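# Understanding the architecture of this molecule
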Amino acid sequence: MTDDVVIGPLDLAARVDDALHVQAHAFGLSEEEVAVRRQIVLRHVTYPRACAFGATAPDGRLIGFVYGMPNSRGHWWSTVVEPYLRSRDLDDWLDDSFVITELHVHPGHQNRGIGRALITTITEGVPEPRSILSAIDVESPARGLYRSLGYTDLARRVLFPSAPKPYAVMGAPLPLPRRV
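Let me sum up the structure you'll find in this document.

How each quantity is defined
- Residues numbered from 1 in each chain as written.
- Predicted model: local features only at pLDDT ≥ 70, side-chain atom pairs only at ≥ 80, totals over all residues.
- Heavy atoms only, no water.
- Helix = DSSP H or I, 4+ residues; strand = E, 2+ residues; numbered from the N terminus.
- Buried < 20%, exposed > 50% of the residue type's maximum accessible area, 1.4 Å probe, protein only.
- Contact = heavy atoms within 4.5 Å.
- Expected span 1.5 Å × (residues − 1).
- Polar contact = N/O pair within 3.5 Å; in protein donor to acceptor, adjacent residues only side chain to side chain.
- Core = buried A, V, L, I, M, F, W, Y, C linked by side-chain atoms within 4.5 Å.
- Phe/Tyr/Trp six-rings, centres within 6.5 Å; stacked < 30°, edge-to-face > 60°.
- Lys NZ or Arg CZ within 6 Å of the ring centre and 35° of its normal.
- Pairing = 2+ DSSP bridges.

### Details of the overall build of the protein chain
A tally of helices and strands in the protein chain yields five helices and seven strands. Secondary structure elements of the protein chain, listed N to C terminal, follow the sequence β-α-α-β-β-α-β-α-β-α-β-β. Dimensions of the protein chain, computed from the C-alpha atoms along their principal axes, are close to 50 × 40 × 35 Å. The buried share of the protein chain, taken over its 180 residues, is 46%. Taking the intrachain contacts of the protein chain between residues at least 6 apart in sequence as the baseline, contacts between residues at least 24 apart amount to 67%.

### A few points about helix α1 (residues 16-27)
An ideal rise of 1.5 Å per residue puts 16 Å on 12 residues; α1 measures up with 16 Å between its terminal C-alpha atoms. Taken as a whole, α1 has its buried residues at Val 16, Ala 19, Leu 20, Val 22, Gln 23 and Ala 24. Next to the buried residues of α1 lie α2 (31-44), β3 (62-70) and β4 (97-105).

### Brief notes about the side chain of Asn 71
Inspection of the secondary structure puts Asn 71 in the loop between β3 and α3 (76-86). The buried category is assigned to Asn 71, whose relative accessible area is 13%. At 2.9 Å, the side chain of Asn 71 forms a polar contact with the side chain of Ser 78. When sequence neighbours within four positions are dropped, the list of residues in contact with Asn 71 reads Trp 77, Ser 78, Leu 94, Ser 97, Phe 98, Val 99 and Ile 132.

### Considerations on the nonpolar core
One finds Leu 12, Phe 65, Trp 77, Val 81 and Val 169 to be the most contacted residues of the largest nonpolar core, which totals 26 residues. Elements that contribute at least two residues to this core include exactly α1, β3, α3, β6 (152-158) and β7 (167-173). In this view, Trp 77 contacts Asn 71, Leu 94, Val 99, Ile 132, Leu 133, Ser 134, Phe 160 and Val 169; residues no more than four positions away in its chain are not counted. Counting residues in hydrophobic clusters, the runner-up holds 25 residues, among them Ala 55, Val 66, Leu 103 and Met 170.

### Thoughts on the packing of aromatic side chains
On inspection of all chains with the given rule, the structure shows three aromatic pairs. Relative to Tyr 151, the ring of Tyr 146 has its centre 5.9 Å away and its plane inclined at 65°; by these criteria the two rings are edge-to-face. Residue Tyr 146 is classed as buried on the basis of its relative accessible area, which comes to 7%. Ring geometry for Phe 160 and Tyr 167: centres 5.2 Å apart, planes at 85°, overall edge-to-face. No difference in accessibility class separates Phe 160 from Tyr 167, as the two residues are buried. The ring of Trp 93 carries the charged tip of Arg 130 above its face, separated from the ring centre by 4.8 Å.

### Regarding the pairing of β3
For β3, the buried fraction is high: nine of the nine residues fall into the buried class. Where strand β2 (residues 51-56) lies against β3, six bridges are found, and the strand directions are antiparallel. Paired with Gly 54 across the bridge in β3 is Phe 65. From the end of β2 to the start of β3, which pair antiparallel, there are five residues, and Gly 60 there has a positive phi angle of about 90°. Where β3 meets β4, seven bridges bridge the pair, whose relative direction is antiparallel. Looking at the pairing, Phe 65 lines up with His 104 of β4.

### Quick notes on the environment of Asp 89
Turning to its location among the elements, Asp 89 is positioned in the loop between α3 and β4. Accessibility expressed as a relative area gives 63% for Asp 89, which makes it exposed. A C-alpha to C-alpha distance of 9.6 Å links Asp 89 and Leu 154, two positions 65 residues apart in sequence.

The structure is reproduced here in structure tokens:
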């Protein structure tokens, strides 16, 4: 990671539009999708122990962000992935886990260690013994990063309503390694 990028706590409610700008570029989201995700993010930041970190360029631009929270079986995401995990007798991963809800780095700043710094920072010191997340179920730099941090596939071909591509659910013991 370049020394001029600062990783620190992020007031996600205050900078939701900046974060969604990053996500829109990283994920290719339409304005409609951004509007829907904005409401989701603003709801998530009200959940107990939800937290966010950002990667900020020297000019103050947000170039990456991560947010997450302790997982709850009552959350929408858990209700979707639970049957996939249960079919493999892995639904206990939904308990005592810290979920990485979103992690995105602007494409112009990827492959510089920013995603690694964000995910290791957010999970550092959480009381949960493990972390879970979902990622599009294709070989990608993101999946490679997660594997390098100890995440393994818990379920594949997970279908979320309205998502055009299947996802993989991945889990890792905490703490994550700082350097590989």
